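# Descriptive structure summary
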Amino acid sequence: MKVAIVDYGLGNIRSVVNALECFEVDVVVAPTGADLDGAARIVLPGVGSFDAGMRGLRARGHDAALDRLVRERGVPYLGICLGLQFMFSGSEEGSEPGLGWFDAKVRRFPDVPEAPKVPHIGWNDVRPVGNAALFRNLVPPFDFYFVHSYYVPNEGDAARHACGLCNYDIDFVAALERDTLAGVQFHPEKSQLAGMKMLETFLFNR
Amino acid sequence: MSATYTKNRLIAVLLVYNGNVVQTRRFKSINMVGSAFTAVDFFNGWTVDEIGVLEISDSDDYLDKFVGIVEELSRRCFVPLSVGGKVRSIETAQRYMRAGADKLVVNTASYADPALIGVLAQAFGSQAVVASIDARPDPAFSSGYEAMSRRARDATGWDAVEWAREVARRGAGEIMVNHVEHDGDKRGYDLNLIRKFADAVRVPIIAMGGVGDWDHLVDGVRIGGADAVAAGNIFHYTEHSTKKAKDYLRNAGVLVRNSTFYKIAMPRRPKYKPF
């Protein structure tokens, strides 16, 4: 089974590659959209900033390939961190449009003295919502490892499809699912057994 | 309750001297423990929240070997990995990051090069820069501690707490604090020192140095106010050590990550690679 990792040229995707390579799958790093063809699973790790990332995706033809493979053909997709945020129409971090699979805008955590520190970094609880397929093999309560300054608000389209919520002074969407689309704000590849179990669930639907 | 709203972390620290994992006492390596990979698996038990690997050789001769170790470790451990030792330039930092580091631990070079922490924070983000500060008691300084560099050999002239404020200003995302005389002594952290650091800066404090029993970890959080508690030696001579430490913290009411065990088939996870 080919698992393609979307590479848009901004650096370190190694941890995600390392984690996926532990499983009985063929991990392929895809530098262009054409390299995603034939993948049974597509993983988009988040590196860098929103605008630079979206420009990288477009320059390498990933946006069109993702639309075709993920949206039209239903190849299961997992977006990690920024890879979750790209699924939205835009972000306060920049001005580039996102992939627009969900109609909402990613926001910045308030950086004021009375609010907790930004970035939100460390282990935090994720509360599963509904029958979350991603978490069906995990026993709550569980923690995942987060590093981010921007978040998906628990509102509208995102709230309707949220399958995991996290609280960092405010509730935000830690994970969402819609059909074969999934996205997580945390880093499963850095979240020990809970993360590896979630990746196993995504890869093998079991 | 942690000030950050995230969980208090347990960090296992590996010290690598001339390519081998060692134990130290007062910053002198005293005991060779063996291979980093064995040590990490031994630690792992999948309960540790973060792993730190520090290169403490006297020369640069073992740096390539160390980078190789980091690279192998990153294929086997799925927690944040902090890597330090000989971080004097963006080039070394890049080598560590490419080898799989999530965070860089900076100490000695940050005294001589005032730009270093800022340059690293700019390149990798503040969350990736951990300033490590080794303190020695000295009543001549207003906090009662002086910061020491070069594995505690050189006095820097900096008040340790003042230096903590300075590295935070320069962009360090976390501060690891060790006490020169507690290192390897099993008498627990210097809680007075940890508390002074925790009160002085807003960035998370990692307590290090002197853990001899699990109560010391609890004290580091409860009394010292540390966000994370780190230890090295103790994990080497206690079986299932990180799990015991974690259970102890949880039972003492410290807010720690849930580390439920899950059985997962990872047929291609790299095997031990002794060296």
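Here's a quick rundown of the structure. Not measured: the values here are computed from a predicted model. (Residues numbered from 1 in each chain as written. Chains lettered and ligands numbered in written order. Predicted model: local features only at pLDDT ≥ 70, side-chain atom pairs only at ≥ 80, totals over all residues. Heavy atoms only, no water.)

Attention now goes to the overall build of chain A. Counting secondary structure elements, chain A contains six helices and twelve strands. Across its three principal axes, chain A shows a C-alpha extent of roughly 50 × 40 × 30 Å. Within chain A, buried positions represent 61% of all 206 residues. Put simply, of all contacts in chain A between residues at least 6 apart along the chain, 70% involve residues at least 24 apart. Accessible surface, chain A as shown: approximately 7,200 Å² in total, 48% of it carbon and sulfur. (Helix = DSSP H or I, 4+ residues; strand = E, 2+ residues; numbered from the N terminus. Buried < 20%, exposed > 50% of the residue type's maximum accessible area, 1.4 Å probe, protein only. Contact = heavy atoms within 4.5 Å. Areas by Shrake-Rupley, 256 points an atom, 1.4 Å probe, with all protein chains shown as cover.)

With 83 residues, the main nonpolar core has I42, L66, F88, F135 and F186 of chain A as its most contacted residues. Of the residues forming this core, the biggest block, seven residues, is contributed by helix α6 (residues 192-204) of chain A. With near-sequence residues (within four places) excluded, L66 of chain A lies in contact with V6, L36, I42, L44, R71, Y77, L99 and W101 of chain A. With 73 residues, the next largest nonpolar core counts Y96, Y111, I133 and V203 of chain B among its residues. (Core = buried A, V, L, I, M, F, W, Y, C linked by side-chain atoms within 4.5 Å.)

Locating K197 of chain A in the fold gives a position in helix α6. K197 of chain A has contacts with N137 and L138 of chain A together with Y262, K263 and I264 of chain B, leaving out every residue within four places of it along the chain.

Here we take up α6 of chain A. Three or four residues apart is the spacing at which side chains of an α-helix point the same way, because the helix has 3.6 residues per turn. Residues and elements named next belong to chain A. With 13 residues, α6 should cover 18 Å at 1.5 Å per step; its first-to-last C-alpha distance of 18 Å lies within 8% of that length. Burial within α6 is extensive, with twelve of its 13 residues counted as buried. Along α6, the residues that are buried comprise Q192, L193, A194, G195, M196, K197, M198, L199, E200, T201, F202 and L203. Backbone geometry just after α6 places N205 at a positive phi near 55°. (Expected span 1.5 Å × (residues − 1).)

Next up on the list: the interface of chain A and chain B. Across the contact, 42 residues belong to chain A and 41 residues belong to chain B. Carbon and sulfur atoms make up 53% of the area that chain A and chain B hide from each other, which totals about 3,500 Å². By the criterion of area lost to chain B, the three top residues of chain A are W123, Q192 and L193 of chain A, representing 22% of everything that side buries. Applying the counting criterion to the chain A and chain B interface returns seven salt bridges. Put simply, R75 of chain B and E21 of chain A hold a salt bridge, and the shortest N to O gap is 3.7 Å. (Buried area = accessible area lost by both parts, 1.4 Å probe. Salt bridge = Lys/Arg side-chain N within 4 Å of Asp/Glu carboxyl O.)

Turning our attention to the pairing of strand β4 (residues 77-80) of chain A. Where a strand is regular, its side chains alternate between the two sheet faces. Residue and element names in this part refer to chain A. A two-sided burial pattern is seen for β4, the buried positions comprising Y77 and G79 on one face and L78 and I80 on the other. Here strand β3 (residues 41-44) pairs with β4 via three bridges, running parallel. By the bridge assignment, V43 is partnered in β4 with L78. Bridging between β4 and strand β12 (residues 181-184) involves four bridges; their strand directions are parallel. Bridge pairing links I80 to V184 in β12. (Pairing = 2+ DSSP bridges.)

As a further point, take the packing of aromatic side chains. All names here are of chain A. On inspection of all chains with the given rule, the structure shows 22 aromatic pairs over all chains. Ring centres 6.4 Å apart and planes at 35° place the aromatic pair F135 and F186 in the tilted group. Note that F135 is positioned in the loop between β7 (120-128) and β8 (142-148) and F186 in the loop between β12 and α6, a separation of 51 residues in sequence. Its relative accessible area of 4% is what places F135 among the buried residues. Accessibility expressed as a relative area gives 0% for F186, which makes it buried. Here the guanidinium or amino end of R41 rests over the ring plane of F202, the centre of that ring lying 5.9 Å away. (Phe/Tyr/Trp six-rings, centres within 6.5 Å; stacked < 30°, edge-to-face > 60°. Lys NZ or Arg CZ within 6 Å of the ring centre and 35° of its normal.)

One pass over the full model with this rule turns up 36 salt bridges over all chains. Within the structure, one salt-bridge network assembled from shared partners comprises E162, R165, E166, R169 and R170 of chain B.

Below, the discussion takes up the sheet that holds β7 of chain A. For sheets, the rule is that strands pair by backbone hydrogen bonds, running either parallel or antiparallel. All names here are of chain A. Ordered in space as β2-β1-β3-β4-β12-β11-β10-β7-β8, the nine strands form an open sheet in which the pairing is mixed. Since the sheet does not close on itself, it has two edges, and those belong to β2 (26-30) and β8, each with one partner. Direction aside, the axes of adjacent strands within the sheet are offset by 25° on average. Each of β1 (2-6), β3, β4, β7, β8 and β12 is contacted by α6, which is oriented at about 140° to β3, the strand it contacts most. (Axes fitted to C-alpha atoms, helices over the stretch in contact; angles between N-to-C directions.)

Within the secondary structure, E50 of chain B is located in strand β4 (residues 50-55). Not counting residues up to four positions away in its chain, the partners in contact with E50 of chain B are R9, L10, I11, A12, V79, P80, S82 and K103 of chain B.

In short, the description is geometric, and any link to function would need to be established separately.
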